[in-house]
Amino acid sequence: MTVAAIELRDVSRHYRGKGSWFLKAEPVRAVDGVDIALNEGETLGIVGESGSGKSTLGRIAAGIEAPSSGHVSFRGAPYAPIGSALWRRQRRNVQVVFQNPSQALDPRLSIAAQIRQPMTAHGIEAGDDTVAEMLARVGLAGLGNRFPHQLSGGQLQRAVIARALALSPDVIVCDEAVSALDVSVQAQILNLLQDLQAEFGVAYLFISHDLGVVRHVSHRIAVMRHGRIVETGPAAVVFAQPQDHYTRSLIAALPAASPAARRARDGRQSASLSKVR
Ligand code: ADP
Ligand code: MG
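Since the model is a prediction, treat every value here as computed from it, not as a measurement.

**Student:** Tell me about the site of ligand 1, and name the residues and values.
**Tutor:** The environment of ligand 1 is formed by Tyr 15, Val 28, Ala 30, Glu 49, Ser 50, Gly 51, Ser 52, Gly 53, Lys 54, Ser 55, Thr 56 and Arg 59. In the environment of ligand 1, an oxygen atom lies 3.2 Å from a nitrogen or oxygen atom belonging to the backbone of Ser 52. Lys 54 has a polar side-chain atom sitting 2.8 Å from an oxygen atom of ligand 1. When ligand 1 is considered free in solution it has 560 Å² of accessible area, and contact with the protein chains removes 60% of it. Of all the elements in the fold, those that place two or more residues in the shell around ligand 1 are β2 (28-38) and α1 (54-62). Per element, the largest residue contribution to the shell around ligand 1 is four residues, and it comes from α1. A breakdown of the residues in the shell around ligand 1 according to their chemical character gives three nonpolar, six polar and three charged.

So, in structure tokens, the structure goes:
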């Protein structure tokens, strides 16, 4: 039996809610009894509307935040207590890429220095050649001496991806990683992620509110609503035969984009999926 890269069993995360002078604060059930497994080398898409608990789930899966209850394991072993030496070693293998790359990067450091920094911190040899190779791999060849304000949003996100990948992680949690980018740049970054997966075997927990984007990259999809997974299955099956009414409403909402944009997106999707498989 294969061991999942990351497994969540009956995981919940409750936050203290905001009360008012006449109302007792009800806890917010951000994540409520979730079971999911991310297999080695696969992309599991997590989709749902804003506030459905996706980011909280992502932080728990990445080991950055502890659940209120339930079990989280990384390659079959529970995460060590947050901040411990073992936890730091585990965390090296689970990187995160968030929505806003300029917040993730240090404005005072060159792009090359930002990629070198976590490698050095983890005792990995980070010579100029290695860093140049990482930059080339994400399409930033020759831009290592630039500073963040000298790059576009798409280039910045490439730098963040290179920095994550430099630690040779087993998993990258992508939380709305392309949501701030223009549609054409989104497609480039999604294709880059797929290429890197084919090359390095990294698994993605790919979180987005945008079902079109999730569909583009995911092998399997889990649909989240009010902290729960309401439907999960192979991406093609979820799309062809959605079982849950909420999934159906998400799919029905997709043509909101212009017909031309949709055709372009669906065309790219089938091309890139066939490339990966
Ligand atoms: P999503 O990423 O799907 O938009 P989140 O995981 O960010 O959802 O949030 C899920 C719910 O949990 C929301 O109601 C949000 O307000 C609440 N929440 C998230 N983080 C916190 C926190 N640190 N403290 C209190 N409530 C939180
Ligand atoms: Mg979120």
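Having seen the model, we can carry on.
**Student:** I'd like a rundown of the nonpolar core, residues and numbers included.
**Tutor:** By size, the foremost hydrophobic cluster in this structure holds 48 residues, and its most contacted members are Ile 115, Ile 161, Ile 172 and Phe 206. The element that contributes the greatest number of residues to this core is helix α6 (residues 153-165), accounting for seven residues. Within the second largest apolar cluster, 26 residues are counted, among which are Val 31, Leu 57, Val 171 and Leu 205.

**Student:** Describe helix α10 (residues 245-253), with residues and values.
**Tutor:** Regarding α10, the residues found buried are Tyr 246, Thr 247 and Leu 250. In an axial view of α10, the angular spread of the buried residues amounts to 105°, which keeps them on one side of the axis. Away from the buried face of α10 by more than 90 degrees, exposed residues His 245 and Ala 252 are located. Contact partners of the buried residues in α10: β3 (43-47), α8 (211-217), β9 (220-225), β10 (228-234) and α9 (235-240). The N-terminus of α10 is capped by Asp 244, whose side-chain oxygen sits 2.8 Å from the backbone nitrogen of Tyr 246.

**Student:** Before we move on, can you summarise the sheet that holds strand β4 (residues 69-74) with the specific residues and values?
**Tutor:** With respect to topology, four strands assemble into an open sheet ordered β2-β1-β4-β5, the strand pairing being antiparallel. The open sheet is flanked by β2 and β5 (77-78), the only strands paired with a single partner. Here strand β1 (residues 6-15) pairs with β4 via five bridges, running antiparallel. Across the sheet, Glu 7 pairs through a bridge with Ser 73, a residue of β4. Set on the sheet, α1 makes contact with β1, β2 and β4; between it and β1 the angle comes to about 130°.

Parameters at a glance
- Residues numbered from 1 in each chain as written.
- Chains lettered and ligands numbered in written order.
- Predicted model: local features only at pLDDT ≥ 70, side-chain atom pairs only at ≥ 80, totals over all residues.
- Heavy atoms only, no water.
- Near = heavy atom within 4 Å.
- Polar contact = N/O pair within 3.5 Å; in protein donor to acceptor, adjacent residues only side chain to side chain.
- Areas by Shrake-Rupley, 256 points an atom, 1.4 Å probe, with all protein chains shown as cover.
- Helix = DSSP H or I, 4+ residues; strand = E, 2+ residues; numbered from the N terminus.
- Nonpolar A, V, L, I, M, F, W, Y, C, P; charged D, E, K, R; others polar.
- Core = buried A, V, L, I, M, F, W, Y, C linked by side-chain atoms within 4.5 Å.
- Buried < 20%, exposed > 50% of the residue type's maximum accessible area, 1.4 Å probe, protein only.
- Arc of directions from axis to C-beta.
- Contact = heavy atoms within 4.5 Å.
- Pairing = 2+ DSSP bridges.
- Axes fitted to C-alpha atoms, helices over the stretch in contact; angles between N-to-C directions.

Taken by themselves, the reported measurements are silent on function.
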